[in-house]
Amino acid sequence: MSKMIKRILILAGVFVAALGVYFITAQSTMNKSETVYTVMEDATLPVAYAQMPQGEENRLVPYRQEMSQAVSRESLVILPEDRQLNMRIAYCESEVLAVQYEIRSMDLKRLVERTPIDRWENEGEIRLTLPVQNLLSRETEYLLHLMIETREQGVLHYYTRIIWTENDYGSQMLALAREFSVKSLTPGQAGDLVTYLETSETADNSSLGHVTIESSFSQLTWAGLDMRLEGDMQVRLRDLDGIMGQIQVSYQVSRQSESGEKEYYEVDDYYTMRWNTKRIYMMDFDRVTNQIFSGERDLYSGRRLMLGIGNDEAIELAKSSDGRYLAFVFNRDLWCYDQKEARAVRVFSFRSSQDESGRSGYSRHNIQIVSVSDEGDIDFLVYGYMNRGRHEGTQGISMCRYANSGAIEERFFIPVAESFEELQTDIEKLSYCSEAGMLYLFRGQAIFGIDLSSNEHIVVADGLKEGNYAISREHRKVAWQEGTDPFGCEVIHLFDLATGQTQEIRAPQGDAVQCLGFVQGDFVYGLSRQDSTWILNGREEGQPMYALEIVDGDLELQTRYEKEGCYITNVQVENARIHVERYQRSGEHDYTYIDDDTIVCNTAAEEVYMEGIGWFASEIRRKLYFVQLDTEVRGGRGVNVSAARQITYDQTETLELTGDIAGSEMRFYAYGQGRLLGIYRDFSDAVNASYDKMGLVTDKNQRILWNRVDRGSAITIRDPQKEAYDTIRSLGSFTENMETDSKTVLLDARGCTLNQVLYFIGQGYPVLAYVEGGSYVLLNGFDQYNVSIYDISTGESTKMGLNDGAEYFENHKNDFICGIKVET
């Protein structure tokens, strides 16, 4: 018995020892095992719908992080007369624990209301009412921030602007927008739309991808194609100002192709409308249509990979250095095509065939190809709103690598609080990856470098302002001026992102250098004298340059442009041409215009935009885009089509980029047709960008500074000197756009036309206008024929015809200063 026990104990010991070895070995094996991959999850977060009068709803997407007020620019909700805003929360899969909402002024400085909601219904969808208090001013926009706390998904944030109107004009416009889009798809009713069109013989009717109010009736009605509506139309009010409204209608349509396959298209109709007692007038209409590339085999033929109906902005193409692999983005989907093996892979897309809610198809994101290797690996950025997956409900930048083996690895994620349009502007300025694995991104007013092997990051340059830096067209080289003085700079830094090489250009003693741009790899800069400052009406206009130089990558001089007695300013570098304005010095700080000149560089710049993308005119579908292949595909049936379905987050990190991202410089946001048109340093540039689009201009806090449509037909400001007191008082210290202690925003409106600055007079703010000898007058009124001019020195008021006034002030460089009170 003792032997048996001893034997059992020995065997047990051996077993325990073996088990220990096994676990140690297994743990070691697990530590060295392959990365764990998963499938991107479908959308799970609930969507909120704000119900407006006449039954329309504005759809609000959930955010997991608090966002800037700029994201609210996507929608505007009209409150009912009693201000009781009904909302429904759809697709809510998690228990709701608490609901609260805030209402603030658009600049966030004034909290109007913060109210918890203690009652809601839950019968398939959550329904609740926001009892907005009687603390709002009519016809004023406010920020609504709805917070819903859930058990499994945490706190979700929803943003929109709200407005309490005096009338129902906005509701009538929303109804017309829906009716217009529906009838354009209904041949028997489309004839009712003719009265709204302004068909022009000069309009471009070659593409169904872009249709305007000037397009033909055939274009508007899809050139006879049997387009069918898929799902619901999303009608969204973007802006409303009195009798003017801007509306976006988003929807998906389909048709049966000639080969029998079903094609899908995403459509956005943008409307600008004006209400009138007789009818609603269509001031502008703009339709953007992009096909959803399916990858079906019949789309490969000859040397073409057919994309279909689309727009230039929806397409991007990149190739591996040996040309074998083509990576392309079309309508927010990333594909890769192997020309040697005739293999197509849908690398990344948020779309999901299982999603009937439309959440996966939300369009506020895009994809930027960073690099394509000769092995078929692709580095790419997904930026904007994350529709589904691990980062669902967050706004940011996801850096991913697709391996030709078929899987995706996320390297890092950068959360972003700004709007998608702001983020897109930055990504399009600079996103470049070197062969050494350094990714360079432009964010706000800084350039960051991120080491993809360690995710460590550095600030390459910050505090960048428009006009003091330049980025080459292919994103390989950057240059920026040292210091904050735009005209007194003595050193320019150059950085080759591909090689990591840094260089400096130093100004000669007593001179300054100005960064102007790149012509291919050659750098263009100007030379000026420190004492040549041009002062116009007390404000620094610039520092005209006496010479312009173009240097190559080794800083060897290629071209020098210098004319005796001539000074150069307003330089524009475009491809292989450099446009300049020439002046002669007429005083210590005065210059007189001579003429314009153009420098044509010896080496023509290569056109890289849309390289490898072609199009042809189809009798049935008009302009169709395709990817140009190097090898011929003999029958699409031989093409192997698949999708990358696995993704891993094992190595991902969340990065917080720190540096002078925001900057202190006042920037202006131009909006039109319900969209961000651009972000500008000069106020006049923003006004000119939005003018033809019946748009508006805001600051970064979404405070409206200028609006084309918000202007009456006549006004007279009775005491202009009193109303302009803050503006006049601040002239001594006014050198650039600024906000005074008395909450007056002073705007350098030099470059705006007389017609454009009448907006300020219409709002009750006199406009300061410079005339002869550096003196100024106040514009204090207008009607349909004249503008009223008040002379401060004499106290007299005179009138001048609008046309004569426009010419007069243009001859004085349209030099205006506008002061506008802002709400706090």
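In this text the structure is predicted, and so the values were computed from the model without any measurement. (Residues numbered from 1 in each chain as written. Predicted model: local features only at pLDDT ≥ 70, side-chain atom pairs only at ≥ 80, totals over all residues. Heavy atoms only, no water.)

Caption draft 1: View of the pattern of salt bridges. Under the definition given, this model contains 47 salt bridges. A salt bridge links Glu-56 to Arg-178, with the shortest nitrogen-to-oxygen separation between them at 2.8 Å. With Glu-56 in the loop between strand 2 (47-51) and strand 3 (57-60) and Arg-178 in helix 2 (residues 169-184), this pair connects stretches of sequence that are 122 residues apart. For Glu-125, the salt bridge is made with Arg-127, and the minimal N-O distance between the two is 3.5 Å. Taken together, the salt bridges that share partners define one network made up of Asp-107, Lys-109, Asp-699, Arg-703 and Glu-739. (Salt bridge = Lys/Arg side-chain N within 4 Å of Asp/Glu carboxyl O. Helix = DSSP H or I, 4+ residues; strand = E, 2+ residues; numbered from the N terminus.)

Caption draft 2: Quick look at the nonpolar core. In this structure, Leu-130 and Ile-247 are the most contacted members of the largest nonpolar core, which totals 91 residues. For Leu-130, the residues in contact, after removing those within four places along its chain, are Arg-83, Gln-84, Leu-85, Met-87, Tyr-101, Ile-117, Leu-144 and Leu-146. If you look at the next biggest cluster of nonpolar residues, it comprises 34 residues, including Trp-706, Tyr-765, Val-767 and Val-787. (Core = buried A, V, L, I, M, F, W, Y, C linked by side-chain atoms within 4.5 Å. Buried < 20%, exposed > 50% of the residue type's maximum accessible area, 1.4 Å probe, protein only. Contact = heavy atoms within 4.5 Å.)

Caption draft 3: Local environment of the packing of helix 5 (residues 683-691) against helix 8 (residues 754-762). One way to put it is that helix 5 packs onto helix 8 with a least axis distance of 11 Å and a crossing angle of 100°. When the axis of helix 5 is compared with that of helix 8, the two are roughly perpendicular. Seen from helix 5, the contacting residues are Phe-683, Val-687, Asn-688 and Tyr-691; seen from helix 8, they are Asn-755, Gln-756 and Phe-760. Taken together, the residues of the contact of helix 5 with helix 8 break down into 4 nonpolar, 3 polar and no charged. (Axes fitted to C-alpha atoms, helices over the stretch in contact; angles between N-to-C directions. Parallel < 35°, antiparallel > 145°, perpendicular 65-115°, else oblique. Nonpolar A, V, L, I, M, F, W, Y, C, P; charged D, E, K, R; others polar.)

Caption draft 4: Quick peek at the pairing of strand 28 (residues 446-451). Buried residues dominate strand 28, accounting for 5 of its 6 residues. Inspection of the sheet shows strand 27 (residues 438-443) paired to strand 28 by 6 bridges, in the antiparallel sense. Its bridge partner being in strand 28, Phe-442 is matched across the sheet by Ile-447. Linking strand 27 back to strand 28 in an antiparallel pair, the connection comprises 2 residues, with Gly-444 at a positive phi of about 70°. In the sheet, strand 28 pairs with strand 29 (residues 457-461) via 4 bridges, with the strands oriented antiparallel. By the bridge assignment, Ile-447 is partnered in strand 29 with Ala-461. With antiparallel pairing between neighbouring strands as the criterion, strand 28 and strand 29 make up a hairpin whose turn holds 5 residues, including Asn-455 at a positive phi of roughly 65°. (Pairing = 2+ DSSP bridges.)

Caption draft 5: Representation of the layout of surface pockets within the structure. A volume near 680 Å³ is recorded for the second largest pocket. Taken together, 31 residues line the second largest pocket, and the ones lying closest to its centre are Glu-139, Thr-140, Glu-141, Ile-704 and Tyr-759. Contributions of two or more residues to the lining of the second largest pocket are made by strand 13 (228-241), strand 14 (244-256), strand 51 (704-707) and strand 59 (816-821). Class assignment of the residues belonging to the lining of the second largest pocket gives a composition of 12 nonpolar, 10 polar and 9 charged. (1 Å grid on protein atoms, 1.4 Å probe; cavity = no way out; pocket = protein on both sides within 12 Å on 5 of 7 lines; lining within 4 Å. Points joined across faces, edges and corners; volume = space filled by probe spheres on them.)

Caption draft 6: Spotlight on unusual backbone geometry. Its identity as a non-glycine residue notwithstanding, Trp-222 has a phi of 65°, on the positive side. Relative to the helices and strands, Trp-222 resides in the loop between helix 3 (217-220) and strand 13. On the accessibility criterion, Trp-222 (1% relative accessible area) is buried. Located in the positive-phi region is Leu-555, a residue other than glycine, with phi close to 65°. Here Leu-555 lies in the loop between strand 38 (547-551) and strand 39 (557-561). Given the relative accessible area of 28%, Leu-555 is considered partly exposed.

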